[in-house]
Amino acid sequence: MVIGDISYAFLYDRKDTYMYKLDPRIKLVYVGFTTLTVFFAKNPAVGVAVLLIQVLIAFSGGLLKKVVSLIKGLTPLLLFIMAFNTALVYLTSPSIDIQLLIYTFFMMIVRVFTTLIAFTVLTSTTSPQELMQAFVKMKISYVYAYPLIIVYRFIPIIFQEMNNIYDAQRARGLELERGSFIRRFRNIVPIIIPSIVSALFKARDLAEAMEARSFGALPQRTFFKEIRIKKLDLLFILTVILIELACFPIAWLFFS
Amino acid sequence: MVTKEIIKIENLWYTYSNGYTALKGINLKIYRREFIAIVGANGSGKTTLIKHLNGLLKPSKGRVIVFGMDTRTTSVARLARHVGVVFQNPLNQFFEETVEKEVAFALKNFGKKSDSNKISDILKNLGIEHLRYNSPFEASLGEQRRIALASVLIYEPDVIVLDEPTAGLDYKAKINLLKILKELLAKDKTVLVVSHDIEFLAKAPLTRIIVLNSGNLVFDGLPIEAFYNIPLMYSSKLIPPQIPALIIGLNLQKYATPLNEEEAYETFRFLIKKVLIDGHR
């Protein structure tokens, strides 16, 4: 259930914590800044500190369950990447510096988790509409912002559709778990083709429905609920930036 | 008419991974040659229930026995040989270039030989023989439904389950579907229909009707009993068929209980005759 866990973590659901009241632009800045911080961190202590800060932020927003789900879903993927990388490094240069390898993997885990927890905070507390409004306010034309949001909203629908397709084919005796590798691979065709067809039909229907409601008629558009940067937003972003920056000198003093 | 018990559902509970309990303690027995309708509002658990019949879903609690096999321990492929399910959206299954290949897909899966005559017979029977070498994607919705049905009928399962077979079909296509279902019953098959389409069901020669309401089985009995039970229909968010509603409105149910127009003509002919003769006396 790797995909299920990860998609649950990213999914938007309405709750009532301060995180939902924050301006989406502030949350975008937060994700960008945190990502940069963790990628510039060379000291593992800074990485761990920034990671812990993300867990605290998620906790303060009532998102701990999502973080657990994300970690559960990502662990097998990361293990796979590490195993693959180790094998590759070993094949190319058998004299591995174990310490360097451990350091690299450790930083990779820290960076991936930090970035994705911040991303989870963004996506699971920001509705697609808010996110689109944020893009539009950042001077990106809504004609381009909208498709991005639609892609994001379509992912769970496509997964659901693929599940239905899988069920329909299994009901006609398709078995994906049996047979040789080639046969299994060929058995994916009855799942993939209906999925693509249904996605294309959905896209066509959506395009028609949007054009029927005059999408793109005017270069500018208005929003029913306007987003505005409030004191809470500034307090949040300044606190995060200061604490994350403070990690560098503190780590340099105590863990260098 | 009713004979051997083929499917037994005992205290079936099913909870989805998001914590939603779709079925709450369903007990049900299905016998050979029955024609059963499963009705209920959206989200009452109809589709969840039929997905248990071929093992696509495994019970959270309780068990489902299909032809003596426990669905928890039997593969979907094995159960699907006995229970053919035709899903609502035919586009969810089409992937071959021609209708012929699409229909033969299940045969390949079950390791049977693709029999050209048999495919011909089934396509002819369903009135879609002219589409044989066309792409299934180009057919109309009614035709696509029939192609989907053909792709299940080809391997001759004992039980045929149809999920919302009439959604989006015009009147003529519905009558056509009814004819096909009657032929299946004549061939000793068991047919289950999941539907909202009460008027369609009122025309069908059902042996039993099952009403689900938010995961509970609230009624299991004869169609007449269900359709003439207005409180049951409304509490299950269903609208009673027009003819029973009319008969109840006129308070004539003690004289006759017709379900559809044909039965109603008989009833009214009888009642009018009676009134006229009584009136003369």
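Residues numbered from 1 in each chain as written. Chains lettered and ligands numbered in written order. Predicted model: local features only at pLDDT ≥ 70, side-chain atom pairs only at ≥ 80, totals over all residues. Heavy atoms only, no water.

Whenever I open this one, the pattern of salt bridges confuses me. Can you help?
Side chains that differ in sign of charge can pair as their charged atoms come close. Taken as a whole, this structure holds 23 salt bridges over all chains when the rule is applied. With its nearest N and O atoms 2.8 Å apart, the salt bridge here joins B:R72 to B:D70. A relative accessible area of 44% places B:R72 in the partly exposed class. Look at B:D70 and you get buried, because its relative accessible area is 16%. Where salt bridges share partners, they join A:D167, A:R170 and B:K51 into one cluster. (Salt bridge = Lys/Arg side-chain N within 4 Å of Asp/Glu carboxyl O. Buried < 20%, exposed > 50% of the residue type's maximum accessible area, 1.4 Å probe, protein only.)

Would you take a moment to explain the interface of chain A and chain B for this structure?
Size of an interface: often given as the accessible area lost when the parts come together. Of the residues lining the interface, 18 residues belong to chain A; the matching set on chain B comes to 24 residues. Across the chain A to chain B interface the summed buried area is about 1,800 Å²; carbon plus sulfur atoms make up 59%. If you sort the residues of chain A by the area they bury against chain B, A:R170, A:A171 and A:R172 come out on top, with a joint share of 38%. Counting the contacts that link chain A with chain B gives two salt bridges. The partner of A:R172 in a salt bridge is B:E102, and the shortest N-O contact between them spans 2.7 Å. Linking chain A to chain B there are seven residue pairs in polar contact (both at pLDDT 80 or more). Of all the elements in the fold, those that place two or more residues in the side of chain A that touches chain B are helix 8 (142-170) and helix 10 (189-212) of chain A. Per element, the largest residue contribution to the side of chain A that touches chain B is seven residues, and it comes from helix 8 of chain A. (Contact = heavy atoms within 4.5 Å. Buried area = accessible area lost by both parts, 1.4 Å probe. Polar contact = N/O pair within 3.5 Å; in protein donor to acceptor, adjacent residues only side chain to side chain. Helix = DSSP H or I, 4+ residues; strand = E, 2+ residues; numbered from the N terminus.)

Help me understand the sheet that holds strand 1 (residues 5-15) of chain B in this model?
Hydrogen bonding along the main chain pairs the strands of a sheet, whether they run parallel or antiparallel. Residue and element names in this part refer to chain B. One open sheet holds the four strands; their spatial order is 2-1-4-5, and the pairing between them is antiparallel. Two strands close off the open sheet at either side, each with one partner strand: strand 2 (21-31) and strand 5 (69-70). The sheet contact formed by strand 1 and strand 4 (residues 61-66) spans five bridges and is antiparallel. Of the residues in strand 4, the one forming a bridge with W13 is K61. Helix 1 (residues 46-53) rests against strand 1, strand 2 and strand 4 of the sheet, and its axis sits at about 125° to strand 1. (Pairing = 2+ DSSP bridges. Axes fitted to C-alpha atoms, helices over the stretch in contact; angles between N-to-C directions.)

How should unusual backbone geometry be read in this particular structure?
Among all residues except glycine, the phi angle is most often negative; among peptide bonds, the trans geometry is most common. Residue and element names in this part refer to chain B. With a phi close to 40°, S214 is a non-glycine residue in the positive phi region. Its place among the elements puts S214 in the loop between strand 9 (208-213) and strand 10 (216-221). Even without being a glycine, K237 presents a positive backbone phi close to 60°. Looking at where K237 falls in the secondary structure, it is placed in the loop between helix 9 (230-235) and helix 10 (242-249).

Help me out: how do you make sense of the domain arrangement of chain B in this one?
All names here are of chain B. For chain B, the assigned domains read domain 1 (33-55 + 76-223) and domain 2 (241-281). A straight line from the C-alpha centre of domain 1 to that of domain 2 covers 34 Å. Listed by partner, the interface residues are five residues for domain 1 and five residues for domain 2. When the buried area of domain 1 at its contact with domain 2 is split by residue, E199, A202 and K203 rank highest and sum to 74% of it. Connecting domain 1 to domain 2 are one salt bridge. A salt bridge links E261 to K203; the nearest nitrogen and oxygen atoms lie 3.7 Å apart. Our count for the domain 1 to domain 2 interface comes out at two residue pairs in polar contact (both at pLDDT 80 or more). Among the elements that take part in the side of domain 1 that touches domain 2, helix 7 (residues 198-203) stands out by supplying four residues, more than any other. A per-class count over the side of domain 1 that touches domain 2 returns three nonpolar, no polar and two charged. (Domains from an automatic or database assignment. Nonpolar A, V, L, I, M, F, W, Y, C, P; charged D, E, K, R; others polar.)

I'm lost on the environment of A:L234 in this one. Help?
Residue and element names in this part refer to chain A. Within the secondary structure, L234 is located in helix 11 (residues 231-255). Residue class for L234 comes out partly exposed when judged on its relative accessible area of 45%. A sequence separation of 198 residues divides L234 from L36, and the C-alpha atoms of the two residues are 19 Å apart.

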